[in-house]
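Each chain, letter by letter, is given below.
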Amino acid sequence: MPDALSGVRVLDAATLFAGPLAATLLADFGAEVIKIEHPKGDPVRSHGARRDGVGLWWKMLGRNKKAITLYLGSPEGQELFRRLAADADVVIENFRPGTLERWGLGYDELKKINPGLVLARVTGFGQTGPYARRPGFGTLAEAMSGFAAITGEPDGPPTLPPFGLADGIAALTTAFAVMTALRAREATGEGQVIDLAIIEPILTLLGPQIITYDQLGELQARTGNRSHNNAPRNTYRTRDGGWVAISTSAQSIAERVMRLVGRPEFIDEPWFGTGAERAEHADELDEAVGSWIARRDRDEVVRAFEEAEAAVAPIYTAADVMTDPQFAALGTIATVPDDELGPVKMQNVLFRLSRTPGHIDSAGPPLGAHTAEILGRYGVGEAELDELRAKGVVR
C-alpha cells in the first residue's frame, strides 16, 4: 500500500525550527519533501551538539528529506524556485513578511503557475499587525503567550523552557493546517495561504487562562510543580536520589494515593472532595506524600503506586528513555541509517497508523546532496549546474 502522503510534494524553504519540523512530520508519512537551503546551509546544521563536525540536530530535523541548495535572492534562484513550485503541493516558508513578494515569489505570483498550491507561512507574529516584521523566535512566543509567566517557583522569576516548546507546538499545528488546506483543495481544486503565527498555538495549549481572566479577572500565578487544579501533584525525591512525579487529576486517584501513603484520614476532610480545594491544602498533602516517598527507593515507589493503581512516573533523562521497556514496546526510538555517522538513534514517527504507518528511511542528508537530482528533473544539466555553482546560486 502507498504511504499515507505518497504523491504529496513539499518544498521546505523554512529554517529554525517550526516550519522545518512541520515538513519533517509530513515526510515521515511519505510526502516527498525537498529541503531548499541557502548555499551556506540551514542554520540548524550548526546548532547544538556535533559529532565529527556533523550537526546532530540536523540529522533529526532533516530526516526523510532531499536536500538542495538555492539562493533565492538571485534571479536564477527565483526562476528555479518557480519551476519547483509549479508542480509542488505545498511550500513552507518562514521569511519575514514581504520577503517572498520582494523576490517575485509571493502567493499572487505562485498561484498563477500553480492554482492548487498551498503556501504555509510560519512566522513569529503572523503576516499582519504592528509586530509582523519583527524577528520572531519560539522564545518570544513562550514569553508573550503567558507560558513563562506561569512557569517557575512562586518566589522565582518567570521561566522559559530549555528546548523549542513553542516551535514544536507550532510545527504540529502547521502540519495540521497543511493537511486541512489539502483536504479543502480536494473539494475546490484551489490552494490557499496558511498564516501561522508562532505566538498563537502555544496560547491555545495554555488552556482557560483567557476566558478565566475575561470572566473573573483572575491571573494564574506561578506554582512550581504544583497545580491550581489538583493536589497532590508535584515531583518528589526518593531515598536513592531519584525523582518521581505524581498526578491526582481524578478524585479516585487522589484517594488511592492517600490510602497508599497511610493517610486515609485526609479523604474524609470536607475540602478533599474537589481538585481545586485539595490544591489549597497542597502543603499538607505534599508533606504526607513526600515523606512517604522519601523513605523508599524509586523503583519501590513506582511498584507501590502501580499496585495501588495510582498515577506515577519516574523523572527520566534521555538515557532512561533509551532503555525503558514501554518506549521499547512502542518503538518510540528508531535506529536510522546514515552515510556520515553510521546508525543513529532518534525519536520515531509521532503515531502509529495500522494500514499506512510512517517510517524513517534516512537521517538528514549532507548539504546539497540532492541538488543535481532534483534540478535535473527541471532540465538543469551538468553544464548549467556548473554555471549556477560558479555564480553562487547553488552549491
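Values in this document were obtained by computation on a predicted structure and should not be read as measured data.

**Details of a nonpolar patch on the surface**
Taken together, the side chains of Leu 172, Leu 350, Phe 351 and Leu 353 make up a nonpolar region of the molecular surface, amounting to roughly 360 Å² of accessible area. Positionally, Leu 353 belongs in the loop between strand 13 (344-347) and helix 16 (371-376).

**A few points about the sheet that holds strand 8 (residues 193-197)**
A sheet is described by the order of its strands in space; here six strands give the open sequence 5-2-1-6-7-8, paired in parallel fashion. Because the sheet does not close on itself, it has two edges, and the strands there are strand 5 (65-69) and strand 8. Each adjacent strand pair in this sheet contributes to an overall mean axis angle of 20°, direction not counted. Relative to the sheet, helix 1 (residues 18-27) contacts strand 1 (9-12), strand 2 (32-37), strand 5, strand 6 (90-93) and strand 7 (118-123), its axis offset from that of strand 6 by approximately 150°. Contacts from helix 3 (residues 75-86) reach strand 1, strand 2, strand 5 and strand 6 within the one sheet, and its direction differs from that of strand 1 by about 150°.

**Some points on the environment of Leu 105**
Positionally, Leu 105 belongs in the loop between helix 4 (99-102) and helix 5 (107-113). Discounting chain neighbours no more than four positions away, the residues touching Leu 105 are Gln 78, Phe 81, Arg 82, Leu 100 and Leu 110.

**Details of the domain arrangement of the protein**
Once the domains are mapped, the protein shows domain 1 (9-205 + 329-391) and domain 2 (233-314). Taken over C-alpha atoms, the centre of domain 1 sits 42 Å from the centre of domain 2.

**Side note on the layout of surface pockets**
Taken as a whole, the largest pocket holds about 1,200 Å³ of empty space. Leu 21, Trp 57, Met 60, Arg 63 and Gln 347 are the residues nearest the centre of the largest pocket, which is lined by 39 residues in total. Broken down by secondary-structure element, the contributors of at least two residues to the lining of the largest pocket are helix 1, helix 2 (56-61), helix 7 (165-188), helix 14 (318-323) and strand 13. Looking at the lining of the largest pocket residue by residue, the classes come out as 24 nonpolar, nine polar and six charged. For the second largest pocket, the calculated volume is near 890 Å³. Around the second largest pocket, the lining is made up of 34 residues, and of these Ile 150, Gln 209, Gln 220, His 228 and Asn 229 lie nearest the centre. Listing elements by their share of the lining of the second largest pocket, those giving two or more residues are helix 9 (209-216), strand 9 (234-237) and strand 10 (243-246). If you tally residues by element for the lining of the second largest pocket, the top one is helix 9, at four residues. Counted by class, the lining of the second largest pocket contains twelve nonpolar, 19 polar and three charged residues.

**Quick look at the packing of aromatic side chains**
Going through the model one piece at a time under the given rule, you end up with seven aromatic pairs. Relative to Tyr 131, the ring of Phe 125 lies with its centre 5.8 Å away and its plane at 80°, an arrangement referred to as edge-to-face. Here the aromatic rings of Trp 292 and Phe 305 are separated by 6.1 Å at their centres, their planes lie at 65°, and the arrangement is edge-to-face. Pair noted here: Trp 292 is in helix 12 (residues 282-294) and Phe 305 is in helix 13 (residues 298-307), with a separation of 13 residues, a long-range link. With respect to class, Trp 292 is no different from Phe 305; both count as buried. Three or more aromatic residues link up through ring pairs in this structure, and these residues are Phe 266, Trp 271 and Phe 272. Stacked on the ring of Tyr 131, the Lys or Arg Arg 134 has its end atom at 3.7 Å from the ring centre. Cation over ring: Arg 278 sits above Phe 272, and NZ or CZ is 5.4 Å from the ring centre.

**Let's talk about the pattern of salt bridges**
For the structure shown, the criterion picks out 34 salt bridges. Here Glu 382 makes a salt bridge to Arg 389, at a shortest N to O gap of 3.6 Å. For Glu 387, the salt bridge identified is with Lys 391, shortest N-O distance 3.5 Å. Placement of the pair is Glu 387 and Lys 391 together in helix 17 (residues 382-391), with a separation of four residues, close to one helical turn.

Parameters at a glance
Residues numbered from 1 in each chain as written. Predicted model: local features only at pLDDT ≥ 70, side-chain atom pairs only at ≥ 80, totals over all residues. Heavy atoms only, no water. Patch = residues over 30% accessible without salt bridge, like charges linked within 9 Å, V, L, I, M, F, W, Y side chains within 5 Å. Areas by Shrake-Rupley, 256 points an atom, 1.4 Å probe, with all protein chains shown as cover. Salt bridge = Lys/Arg side-chain N within 4 Å of Asp/Glu carboxyl O. Helix = DSSP H or I, 4+ residues; strand = E, 2+ residues; numbered from the N terminus. Pairing = 2+ DSSP bridges. Axes fitted to C-alpha atoms, helices over the stretch in contact; angles between N-to-C directions. Contact = heavy atoms within 4.5 Å. Domains from an automatic or database assignment. 1 Å grid on protein atoms, 1.4 Å probe; cavity = no way out; pocket = protein on both sides within 12 Å on 5 of 7 lines; lining within 4 Å. Points joined across faces, edges and corners; volume = space filled by probe spheres on them. Nonpolar A, V, L, I, M, F, W, Y, C, P; charged D, E, K, R; others polar. Phe/Tyr/Trp six-rings, centres within 6.5 Å; stacked < 30°, edge-to-face > 60°. Buried < 20%, exposed > 50% of the residue type's maximum accessible area, 1.4 Å probe, protein only. Lys NZ or Arg CZ within 6 Å of the ring centre and 35° of its normal.

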